[in-house]
Amino acid sequence: VLALGTALVVVPEAVDVELVGTLPEGLTSKDLTFHMHAHHGDDMLGRVLEFRGPGVATLSVDQRLGIANASNNLGALTMIFPGDDTLAAYLEPRVRAPYEFVEPDAGATYAARLRIDLGEVQPLVSGPDAIEKICALGDVIGLPVAAAYIGSCSAGRLDDLRLAALVLEGRKIDPSVRFVVTPISSEVMREASDRGFIATFIAAGAMVTPPGCGACYIGNQSPLLLEDGERCIASSVSNDPGRMGSKSAEIYLSNPAVVAASAIEGRIADPRPYLAREPELVS
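The sections below set out a description of the structure shown in this document. Fair warning: this is a prediction, and the values are worked out from it, not measured in the lab.

Points about the overall build of the protein chain
The secondary structure content of the protein chain amounts to nine helices and eleven strands. For 283 residues, the compact-globule formula gives about 19 Å, and the C-alpha radius of gyration of the protein chain, at 19 Å, lands near that figure. Dimensions of the protein chain along its principal axes, counting C-alpha atoms only, are 60 × 45 × 45 Å. Classification of the 283 residues of the protein chain by burial places 51% in the buried group. For the protein chain, contacts bridging at least 24 residues in sequence account for 77% of all contacts bridging at least 6. For the protein chain, the exposed area adds up to about 13,700 Å²; of that, 52% sits on carbon and sulfur atoms.

Laid out in structure tokens, this is it:
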């Protein structure tokens, strides 16, 4: 590129992904991306995913960002969501120049067409040591954990923190668990504080760190440094050995509700019994 000023890029194939239904309570983009990995992984390798269908309207921008964030782990080159009122409302206070939404050409061709019913997605867990090791939550319930982490670009947004706060409201984490929460940005930190989520985490016994990538990667100097033989349940991006500390530690990935419930019980746990009420604002 420096020598010639140009770069040749092969135009990738596209995959049409129709989303229908609504994610069950307590499930997030994390569960959906694990579902896609487990059931449609071969269809996505080296391709661009174009989402459409009525299910898109049920997903917040936070959820859409979480899904798109997983494109690397899924082997896709990128993901594209259609423009709609939800996205326009998100962009309105943020854009600095005029914009317009674009749509696929009429008669566009696709390498594959997928249809995913969001209502059929189940709570899933990935790990340890590799993203593709995906199993049902029920298969690992009861495994003791020494550490729990909510954060990263994968699941540190406001929707993620709201769900975790709903699980933790009025409850305490197990004293044997080191529990760290890291909002992904200062904007998310500020709004989570305004809504009382940060106060809920602190009252439960969690350590809330300054915004950023946090414990997702050992190089970030996070207070959550996994030691030899420890097991961690996290909502972060990757579970490669050594990513969060010792190479002999085990990292399991799941959604923030699972992480919060596991921090309460000291073992991987189902959050659905805890999802009974919205956390209240703290003045």
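Right, picking up where we left off after that structure.
With respect to the environment of arginine 178
Counting through the fold element by element, arginine 178 comes out in strand β8 (residues 178–182). With a relative accessible area of 30%, arginine 178 lands in the partly exposed category. The spacing of arginine 178 and leucine 224 is 46 residues in sequence and 7.2 Å in space, taken between C-alpha atoms. Beyond its immediate chain neighbours, meaning those up to four positions away, arginine 178 contacts Ala146, Ala147, Ala148, Leu224, Leu225, Leu226 and Glu230.

Here's the deal with the pattern of salt bridges
Applying the stated rule across the entire model yields eleven salt bridges. Of the charged contacts, one joins glutamate 250 and arginine 231 as a salt bridge, the two residues approaching to 2.9 Å between their closest N and O atoms. Residue glutamate 250 is found in strand β11 (residues 250–253), and its partner arginine 231 is found in strand β10 (residues 231–234); the two are separated by 19 residues along the sequence. We classify glutamate 250 as partly exposed; its relative accessible area is 26%. Across the pair arginine 267 and glutamate 265 runs a salt bridge whose closest N-O atoms are separated by 3.3 Å.

Comments concerning the pairing of strand β1 (residues 14–20)
Counting buried positions along β1 yields six of seven residues, so the element is predominantly enclosed. Here five bridges tie β1 to strand β2 (residues 48–52), and the two strands are oriented parallel to one another. Looking at the pairing, glutamate 18 lines up with arginine 52 of β2. The sheet contact formed by β1 and strand β4 (residues 112–117) spans six bridges and is parallel. Bridge pairing links valine 20 to aspartate 117 in β4.

Topic: helix α7 (residues 186–194)
Among the residues making up α7, those that are buried are Val188, Met189 and Ala192. All buried residues of α7 fall inside an arc of 100° around its axis, so they share one side. Buried-residue contacts for α7 involve α6 (158–168), α8 (197–204) and β9 (207–208). In the segment just after α7, glycine 196 is the residue with positive phi, at about 90°.

Regarding unusual backbone geometry
Going from glycine 127 to proline 128, the amide bond is cis rather than trans, its omega being 0°. Within the secondary structure layout, proline 128 lies in the loop between β5 (124–126) and β6 (134–136). Although it is not a glycine, aspartate 129 adopts a positive phi angle of roughly 75°. Looking at where aspartate 129 falls in the secondary structure, it is placed in the loop between β5 and β6. Backbone geometry at serine 152 places phi at a positive 85°, although glycine is not the residue there. Mapping serine 152 onto the fold places it in helix α5 (residues 152–155).

Thresholds, definitions, all that
- Residues numbered from 1 in each chain as written.
- Predicted model: local features only at pLDDT ≥ 70, side-chain atom pairs only at ≥ 80, totals over all residues.
- Heavy atoms only, no water.
- Helix = DSSP H or I, 4+ residues; strand = E, 2+ residues; numbered from the N terminus.
- Rg over C-alpha atoms; globule rule 2.2 N^0.38 Å.
- Buried < 20%, exposed > 50% of the residue type's maximum accessible area, 1.4 Å probe, protein only.
- Contact = heavy atoms within 4.5 Å.
- Areas by Shrake-Rupley, 256 points an atom, 1.4 Å probe, with all protein chains shown as cover.
- Salt bridge = Lys/Arg side-chain N within 4 Å of Asp/Glu carboxyl O.
- Pairing = 2+ DSSP bridges.
- Arc of directions from axis to C-beta.

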